[in-house]
Every structure is written in C-alpha cells, then in structure tokens.
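An overview of the molecular structure
The primary structure of each chain is shown beneath.
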Amino acid sequence: MPLVEGSIEQATLEGKYLITRTGKMIWTTIISNQKPIIIAREVLTSFCNRFEKLYNHELKELYSEFNGDISIFQRKSLYKVSVDMIVDDEFHLRLILPYKMGSTKGKEISLKIKEILQIAKDVAHKNKGRILLGPLFTKACQVLKLDNVEIAMLIYNLVENEIFVVIPLEDS
C-alpha cells in the first residue's frame, strides 16, 4: 500500500490488477481484469481528490457522528452527488452500458451525425433496440471514411446531447 499522500502503487493479485492511491483520509483501489492503461492513474487521482473534497466532513466524522454508516456516501442531496455518480463521472462507466435511441427533435444534426445515427439504427435493430457503443464504434469505423478519433467524438456527442439515452442496468 502506498504510504505517502498522493502516491500510487500497482500490484497483481490472483490474476487481477490493482492500482491503489493514498489520499488525505482514504485509500482508493481499482481492481481490474485487464492491465491498467496510463490514464487510469490520472482518473484515480481525480476521483480521490473529488471524493475527499465533496465528503470531507463525512470522512472526518464517519466513526463518530455517523457511527460508521457508509450509506451516507450513497445519498444524493442538494449539495452532494452520490458516490455512484462520482464514479460514473470520473470513470465514464455509463459508456459501457446499453443505450437506446432518444429524440433528435430541436437538435442540430450534421451529416456526419446522421450517418452515425443510421448505423446506430442498424445496430439497434439487430440487438432488440439496444446500442452498445463499442460495436457501434467498430461498425462506424468500417463503414465511414472518417478518422477513428472523429467517430469517437461524434458518438460521445450523441451521448452528451442525450440522443443516445442510457438504459438503466435494471432494465437491460
């Protein structure tokens, strides 16, 4: 385990990869089946900093005022987001969930976006209305004569503008 605040250590354990970062008050570990990419360290640092800043009081009082009740990190309030929301924001986990087509009404749609949407409709048709972004990206790269980075940005734009709407895990 890293001992100095802000330091990161990597290890393997029973075929899993671990990256652990020490914060001011917490240790945070990512456990993965795949060898972590370099950006994982940056994302882990960002998550730790944001979590400690947002939940500073709760961390300090976890075993006194809150009697060790960790459910305080799951509650969403006017001022705070839940840990799940922070994890999703920092690690972009929603990008691996299935999506469905949302509305394009009132939204400016470029020709390139229309091409991606047509491919997405084909992918959705073959998958009971669900769109997985990985296969969509692969198919778009095969069909369109665009740079891979541009295709990724177009798909991300569709997610951010809620033209692709995430299907909650409970419903998929």
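These lines cover the structure that appears in this document, whether it is placed above or below. The structure presented is a predicted model; accordingly, all values stated were derived computationally and were not measured.

The next thing to look at is the pattern of salt bridges. As enumerated under the stated definition, the model contains three salt bridges in all. Measuring nitrogen to oxygen at the nearest pair gives 3.1 Å for the salt bridge that ties Arg-50 to Asp-89. Linking Arg-50 in helix H1 (residues 39-54) with Asp-89 in helix H3 (residues 83-91), this pair joins segments that are 39 residues apart in sequence. On the basis of relative accessible area, Arg-50 is assigned to the partly exposed category, the value being 28%. For Asp-89, a relative accessible area of 37% gives the class partly exposed. Linked by salt bridges that have partners in common, Arg-50, Asp-89 and Glu-90 make up one network.

Those residues of helix H5 (residues 133-143) that fall on the buried side of the exposure criterion are Leu-133, Leu-136 and Ala-140. Viewed end-on, H5 has its buried residues packed into an arc of 55°, placing them on one side of the element.

Attention shifts here to a nonpolar patch on the surface. Residues Met-1, Leu-3, Val-4 and Trp-27 make up a contiguous nonpolar surface patch of roughly 520 Å² in combined accessible area. The class for Leu-3 is exposed, based on a relative accessible area of 77%.

What follows is about the sheet that holds strand E2 (residues 16-22). If you walk across this open sheet you meet the three strands as E1-E2-E3, and the pairing is antiparallel. On the outer flanks of this sheet lie strand E1 (8-13) and strand E3 (27-32), each paired with one strand and no other. On average, each strand axis in the sheet is tilted by 20° relative to the strand beside it, whichever way the strands run. Note: E1 against E2, six bridges, orientation antiparallel. Within E2, the residue paired with Thr-12 across the bridge is Tyr-17.

Our next topic: the environment of Phe-66. By the element assignment, Phe-66 lies in the loop between helix H2 (56-60) and H3. Phe-66 sits 30 residues away from Ile-96 along the chain, and the two C-alpha atoms are 34 Å apart. If we skip the residues at most four places from it in the chain, Phe-66 touches His-57, Glu-58, Glu-61 and Ile-72.

With that out of the way, let us pick up the packing of aromatic side chains. Going through the model one piece at a time under the given rule, you end up with five aromatic pairs. Seen from their ring centres, Phe-47 and Phe-51 are 5.9 Å apart, and the 15° between their planes marks the pair as stacked. Of this pair, Phe-47 and Phe-51 are both found in helix H1, four residues apart, which corresponds to roughly one turn of the helix. Judged by relative accessible area, which is 8%, Phe-47 ranks as buried. Between Phe-51 and Tyr-55, the ring centres sit 5.2 Å apart and the planes meet at 35°, which makes this aromatic pair tilted. Accessibility assignment for this pair places Phe-51 and Tyr-55 in one class, buried.

Criteria and thresholds
- Residues numbered from 1 in each chain as written.
- Predicted model: local features only at pLDDT ≥ 70, side-chain atom pairs only at ≥ 80, totals over all residues.
- Heavy atoms only, no water.
- Salt bridge = Lys/Arg side-chain N within 4 Å of Asp/Glu carboxyl O.
- Helix = DSSP H or I, 4+ residues; strand = E, 2+ residues; numbered from the N terminus.
- Buried < 20%, exposed > 50% of the residue type's maximum accessible area, 1.4 Å probe, protein only.
- Arc of directions from axis to C-beta.
- Patch = residues over 30% accessible without salt bridge, like charges linked within 9 Å, V, L, I, M, F, W, Y side chains within 5 Å.
- Areas by Shrake-Rupley, 256 points an atom, 1.4 Å probe, with all protein chains shown as cover.
- Pairing = 2+ DSSP bridges.
- Axes fitted to C-alpha atoms, helices over the stretch in contact; angles between N-to-C directions.
- Contact = heavy atoms within 4.5 Å.
- Phe/Tyr/Trp six-rings, centres within 6.5 Å; stacked < 30°, edge-to-face > 60°.

It is worth stressing that arrangement in space is one thing and function is another; only the former is reported here.
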